[in-house]
Amino acid sequence: MRYSRRAVIRGWLVSGAGLLAGAGRLAAAPSECSEAGARLLALADFLNEGPEELNKATGEELDGRLYTDLRELNPPNKTTPIEHFYIRTRASRVLPKADQWRVQVDGLVRKAGSWAIRELISNAESMGVHLLECSGNNRTTRFGLLSVTSWAGVPLAKLIAKAELQKQATRVLISGFDEYVTASTSSIPGASWIFTLDEITERKAFLAIQMGGQPLTQDHGAPVRLLVPGWYGCASIKWVDRITLVDDSVAATSQMREFASRTQQDGVPQWAREYRPAAIEQAAMPIRVEKWLVAGKIRYKVVGICWGGSRPLKTLQVRFNPQEDYVPVQHFQQTSNDPWTLWTHDWTPKAPGTYLIHVGTKDDVPARRLNAGYYVREVEIDEV
Ligand SMILES: Nc1nc2c(c(=O)[nH]1)N[C@H]1C(S)=C(S)[C@@H](COP(=O)(O)O)O[C@H]1N2
Ligand SMILES: [Mo]
């Protein structure tokens with residue numbers, strides 16, 4: 001199928017057919033089909049994924065969330081609108097003011113000191129487009145704890161180097177402001193993570209002060225947050241107020257222990273040195289199933305993403321229901337692992353019914369969640 005804008009707009013206007021759910025709320029048009037007379041009829045909604053409201057911040061402080069509506073993602077635009085970027089914890093009601101904020105640098109350094117926000121701003125540079133995914137992202141949140149945007153900030157390695165490390169310094173503890181008025185039902189307060197100095201350099205971790213071309217919002221960690229590209233969000237500490245150089249003898253933080261199983265550790269590591277990098281392994285899933293009328297026939301088109309991992313995939317395959325065979329995803333080409341890559345696949349189901357869509361790869365790469373069926377999504381097809 002090829003695409004044109006007019007067909008979609010028409011398709012959008014006639015939407016409302018049987019399996020349509022939520023499409024009317026979408027601001028962005030889905031992919032566009034230019035075959036003569038092609039018309040988008042509806043979006044098939046994913047089943048059994050929980051009733052969460054999308055693209056809207058709810059709750060407060062540690063229990064505050066915003067789930068991104070991934071169905072809106074549409075090429076060539078590959079980023080999440082900034083007001084729809086997911087939020088895993090909302091700002092504290094007692095967060096100190098930005099003009100008094102300082103980021104302290106201490107521990108095993110020769111020049112302990114601190115940075116004011118305006119000093120960080122004047123050292124900020126563009127940091128590129130990066131994906132962030134919460135390690136708790138799953139079906140019950142419609143996989144909406146996953147977003148992409150552009151970032152600006154200061155490389156963490158640069159700040160650390162200015163403090164002049166002592167010889168024993170091998171790791172860095174990043175801590176964020178974490179005092180709240182309300183008690184949480186879902187999270188343990190106390191946000192900090194420990195990295196090796198090599199991890200900081202390899203991942204090009206940075207202190208972000210801008211996202212999507214705008215100053216960070218409080219919910220996203222203003223006045224300053226950490227971003228570790230390619231790692232789960234739990235390591236990207238928000239409201240950073242302290243950078244402490246430490247050695248190999250330090251214990252894992254309470255935040256690291258809280259997220260041990262979600263970042264696929266063996267048990268709950270006691271020491272930072274036993275903790276494996278919280279890197280996102282190769283992942284992929286459908287984000288939208290479009291129902292089209294093309295030359296009098298019903299056609300479906302699956303739009304999806306792949307992300308995570310550390311080298312671009314050669315193969316991506318998709319299977320509809322466990323009884324069917326995997327087939328190669330038709331329109332897939334990956335050049336980089338961060339941010340996500342969009343793919344599409346034309347699909348003609350044999351009969352109405354519910355289908356489990358499983359995306360996988362034949363490449364030999366770490367992909368535990370993907371291979372375990374963690375990102376499988378289910379759709380109902382009402383006519384073929
Ligand atoms: N200080 C602090 N930083 C934090 C958290 C937190 O609760 N407190 N949550 C982490 C988690 S679990 C995730 S997934 C990301 C989410 O960042 P976002 O809300 O800007 O998307 O922030 C991380 N940084
Ligand atoms: Mo998270």
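Residues numbered from 1 in each chain as written. Chains lettered and ligands numbered in written order. Predicted model: local features only at pLDDT ≥ 70, side-chain atom pairs only at ≥ 80, totals over all residues. Heavy atoms only, no water.

## Description of the side chain of Arg65
For step 1, the next point in the chain: Counting through the fold element by element, Arg65 comes out in the loop between strand E1 (39-44) and strand E2 (102-107).
For step 2, the next point in the chain: Despite its burial, Arg65 remains without a salt bridge, the nearest opposite charge being carried by Asp63 at 4.9 Å.
For step 3, the next point in the chain: A distance of 3.0 Å separates a polar side-chain atom of Arg65 from the backbone oxygen of Leu62.
For step 4, the next point in the chain: Engagement of the side chain of Arg65 in a polar contact is seen with the backbone oxygen of Arg88, the distance being 2.6 Å. (Helix = DSSP H or I, 4+ residues; strand = E, 2+ residues; numbered from the N terminus. Buried < 20%, exposed > 50% of the residue type's maximum accessible area, 1.4 Å probe, protein only. Lys, Arg positive; Asp, Glu negative; His and termini not counted. Salt bridge = Lys/Arg side-chain N within 4 Å of Asp/Glu carboxyl O. Polar contact = N/O pair within 3.5 Å; in protein donor to acceptor, adjacent residues only side chain to side chain.)

## Re the packing of aromatic side chains
Aromatic rings considered in pairs are described by the distance between their centres and by the relative angle of their planes.
For step 1, the next point in the chain: For the coordinates displayed, the defined rule picks out 12 aromatic pairs.
For step 2, the next point in the chain: Summarising the aromatic geometry, the rings of Phe143 and Tyr375 are spaced 5.5 Å apart at their centres and angled 40° between planes, so their arrangement reads as tilted. Taken together, the residues Phe143 in the loop between strand E4 (125-133) and strand E5 (146-155) and Tyr375 in the loop between helix H6 (368-371) and strand E18 (377-381) connect sequence positions 232 residues apart.
For step 3, the next point in the chain: Using a relative accessible area of 0% as the deciding quantity, one classes Phe143 as buried.
For step 4, the next point in the chain: Ring geometry for Tyr374 versus Tyr375: centroids 4.9 Å apart, planes at 70°, classification edge-to-face. (Phe/Tyr/Trp six-rings, centres within 6.5 Å; stacked < 30°, edge-to-face > 60°.)

## Regarding the sheet that holds E18
For step 1, the next point in the chain: Taken together, the four strands give an open sheet; going across it, the order is E15-E14-E17-E18, and neighbouring strands pair in antiparallel fashion. The open sheet has two free edges, formed respectively by strand E15 (327-328) and E18, since each of these has just one partner strand.
For step 2, the next point in the chain: Of the strand pairs in this sheet, strand E14 (residues 317-320) and strand E17 (residues 353-360) are connected by four bridges, and their pairing is antiparallel. Note on E17: the bridge partner recorded for Gln317 is Gly360. (Pairing = 2+ DSSP bridges.)

## Brief notes about the site of ligand 1
For step 1, the next point in the chain: Within the structure, ligand 1 sits among 20 residues, and Tyr86, Arg88, His220, Arg225 and Lys238 are positioned closest to it.
For step 2, the next point in the chain: Between ligand 1 and the protein, one listed contact pairs an oxygen atom with a side-chain N or O atom of Thr89 at 2.9 Å.
For step 3, the next point in the chain: The separation between a nitrogen atom of ligand 1 and a polar main-chain atom of Ser236 is 3.0 Å.
For step 4, the next point in the chain: Classifying every residue of the shell around ligand 1 by side-chain character gives 12 nonpolar, four polar and four charged. (Near = heavy atom within 4 Å. Nonpolar A, V, L, I, M, F, W, Y, C, P; charged D, E, K, R; others polar.)

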